[in-house]
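Observations on the three-dimensional arrangement
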Amino acid sequence: MAMASAMDLSSPTFFLSKTSSSSSSLRRLSSISVATFRRHSNRRLQILCQATAGTQPQSGLSDSDSKLAARSGQDRLLKVPISNIRNFSIIAHIDHGKSTLADKLLQVTGTVQNRDMKEQFLDNMDLERERGITIKLQAARMRYVYEGTPCCLNLIDTPGHVDFSYEVSRSLAACEGALLVVDASQGVEAQTLANVYLALENNLEIIPVINKIDLPGAEPEQVIREIEEVIGLDCSKAILCSAKEGIGITEILNAIVQRIPPPRNTVENPLRALIFDSYYDPYRGVIVYFRVIDGKVKKGDRIFFMASGKDYFADEIGVLSPNQIQVDELYAGEVGYISASIRSVADARVGDTITTYARKAESSLPGYEEATPMVFCGLFPVDADQFPDLRDALEKLQLNDAALKFEPETSSAMGFGFRCGFLGLLHMEIVQERLEREYNLNLITTAPSVVYKVHSVNGDITMCSNPSLLPQPGQRKSVEEPYVKIELLTPKDYIGALMELAQDRRGDFKEMKYIAENRASLIYELPLAEMVGDFFDQLKSRTKGYASMEYSVIGYRESDLIKLDIMINAEIVEPLSTIVHRDKAYSVGRALTQKLKELIPRQMFKVPIQACIGTKVIASEALSAIRKDVLAKCYGGDISRKKKLLKKQAAGKKRMKAIGRVDVPQEAFMAVLKLEREVL
């Protein structure tokens, strides 16, 4: 029992036993930074003792503290000077505890009452709760009293997956500081680095937070060294915390007030507000989330959108705390929402600048860099009558997800649909699920592909995202494909497995370095087309889930790419065509023809199924004909009679094959598209 309590960070016995002769307690204690422990021990001991005593175990606060926080939370709509406003974001790798920390901050500041509290409070999509990931940025206004001074804290919780980095960049543009959350047991991972670099590009004050120190495998000292060596951040003031147990939350709130600078006081300037998010409400129209940079906006003001040139009356303005609460006025430095009966989704785009119609600003804000889609696929409704509904759904979803791009597309097999661009495979999967759940659509998704750059003989350059748009071999000079620089962070035991994976995907090895004693960083350059398949799944399975990755596009390179056509009964089926590397053409062609042979129903005539490069057949299967037994009535007699009947049947089959048409069923297309995802 003594050993168990000594190893339990959530028990006050752990801290009190430091004066005893228990060497295990001293060894455990030494793993935490001594300087940080001394600085925070009194407060943490008080919180832990209260938590174990049973007073508010969820937040780690006493009854009086909880009542004070609740009163402060109820006063969060009261105005404070601009010098007391703090706008900050939480950034981290996946599963490092961003949403849990956000929940605890909302609870400790009294923004959300204990009776209303639930896990992942800010993740309000069912999809987010099911998968345990954050997909959309969420804003919340909190009130915190620091040394008797009320402060307004505007929190923006962000996603952690690389596919949603555009959401992170938009959040950071609306903030002056960021909490960098790192798991004490996992250490620095790929998306940790990517998010830090995004924050540094926006000149934000970064506060390192070492989370999950209550876990048995936590090594906060080693993680602090990793952050200093790999990222280069000063961690002398890093905060040790456990969002789940409520340890260190007060220190985080104090650090936000002390170290993050307030917004600039520009209330007297003409209104300029940056739209960082929006969504479509069927009853109220477009709801815009914005950060006031200059000036102020009041309810009833006539506002003007500088990019679209449209003007509306602000019927309702308010703050997100975290639910929408109406207020009469918002001024420079504050974050809120606006409802102005905007019916057209094109009138209020993310990145636009809001100003007043009567006193327009001279120039708009820089806005955001346009998101560049990396992965493309076709979206087609199963029922052709749903095409207008799909178009409306995509327009409304694009309002909420600015990284989504789409254009109309027609397929001979699947009818009318859209060619959609995404930031990654997970982004594609999430968009498809949201369309099906939120807009009640049944969709078919084609295999993901990338944009190729085709140089023609006459000097023209064509961007090709669809195999059907690829020029004929005689007209094209060369084909280039996008390459990515990918960084893989992995425990040293799995270096060999990841090297093998990258080499199989035509990767060029660039660098390997050890960022810690047992963690290595591998840098490869490989084609994006090789990564949009199951690369991430393979990465996780080969390393038992321990490795992480981060990638960025570095440009186009010439490759030996060809168009692989599928011919059924000597007719090319365009929707089944793919662009592949010449070295992979045979294996892909063989897999596709074998699968189609299983799926296409037999005909009255023999049906050849062929995979071709131009006119050269590289893989072939044949679907045997359904035969009537014409010899059944022959009970003997001369062989010439049987030959005559068989010859007559063969002539009929030949004539039927010449005029016959093979209809590929929808199920076959679906199965082949699924197979393409696997083999490509």
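Residues numbered from 1 in each chain as written. Predicted model: local features only at pLDDT ≥ 70, side-chain atom pairs only at ≥ 80, totals over all residues. Heavy atoms only, no water.

This part covers the confidence of the model for the chain. The predicted model of the chain averages 75 in pLDDT, with 78% of residues at 70 or higher. Across residues 1-64 the pLDDT falls below 50, and counting only partners more than four positions away or on other chains, this stretch makes 88 contacts in the model. (pLDDT = per-residue confidence, 0-100. Contact = heavy atoms within 4.5 Å.)

Before going further, it helps to spend a moment on the side chain of Asp281. Looking at the secondary structure, you find Asp281 in strand S7 (residues 272-281). The charged side chain of Asp281 is buried without a salt bridge, its nearest counter-charge being Arg284 at 4.1 Å. Of note is the side chain of Asp281, whose polar atom sits 3.1 Å from the backbone nitrogen of Arg284. In this structure, Asp281 is in contact with Ile287 and Arg343, ignoring residues within four places of it in sequence. (Helix = DSSP H or I, 4+ residues; strand = E, 2+ residues; numbered from the N terminus. Buried < 20%, exposed > 50% of the residue type's maximum accessible area, 1.4 Å probe, protein only. Lys, Arg positive; Asp, Glu negative; His and termini not counted. Salt bridge = Lys/Arg side-chain N within 4 Å of Asp/Glu carboxyl O. Polar contact = N/O pair within 3.5 Å; in protein donor to acceptor, adjacent residues only side chain to side chain.)

The grouping of Phe509, Met512 and Tyr514 at the surface amounts to a nonpolar patch, some 300 Å² of accessible area in total. Along the chain, Tyr514 falls in strand S24 (residues 508-516). (Patch = residues over 30% accessible without salt bridge, like charges linked within 9 Å, V, L, I, M, F, W, Y side chains within 5 Å. Areas by Shrake-Rupley, 256 points an atom, 1.4 Å probe, with all protein chains shown as cover.)

Another aspect to go through is the packing of aromatic side chains. Each pair of aromatic rings is reported with the distance of its centres and the angle of its planes. Applying the stated criterion to the full structure yields eight aromatic pairs. Ring centres of Phe276 and Tyr289 lie 6.4 Å apart, and the angle between their planes is 55°; this geometry places the pair in the tilted category. Note that Phe276 is positioned in strand S7 and Tyr289 in strand S8 (residues 285-294), a separation of 13 residues in sequence. Judged by relative accessible area, Tyr289 falls into the buried class, the value being 11%. Among the aromatic side chains, those forming a connected cluster through ring pairs are Phe387, Phe406, Phe416 and Phe418. Over the aromatic face of Tyr556 sits the side chain of Lys453, whose NZ or CZ is 4.7 Å from the ring centroid. (Phe/Tyr/Trp six-rings, centres within 6.5 Å; stacked < 30°, edge-to-face > 60°. Lys NZ or Arg CZ within 6 Å of the ring centre and 35° of its normal.)

This part covers the side chain of Arg476. For Arg476, the position within the fold is in strand S23 (residues 476-491). Of the side chains bearing the opposite charge, Asp560 lies closest to the buried Arg476, which forms no salt bridge; the N-O distance is 8.1 Å.

A few words now on the sheet that holds strand S12 (residues 316-320). Pairing is antiparallel across the open sheet formed by eight strands, whose spatial order is S11-S10-S16-S7-S8-S15-S12-S13. Each of the sheet's edge strands pairs with one partner strand only, and the pair in question is strand S11 (311-313) and strand S13 (324-327). Neighbour-to-neighbour, the strand axes of the sheet open up by a mean angle of 40°, direction not taken into account. By the bridge criterion, three bridges tie S12 to strand S15 (residues 335-342) in an arrangement that is antiparallel. (Pairing = 2+ DSSP bridges. Axes fitted to C-alpha atoms, helices over the stretch in contact; angles between N-to-C directions.)

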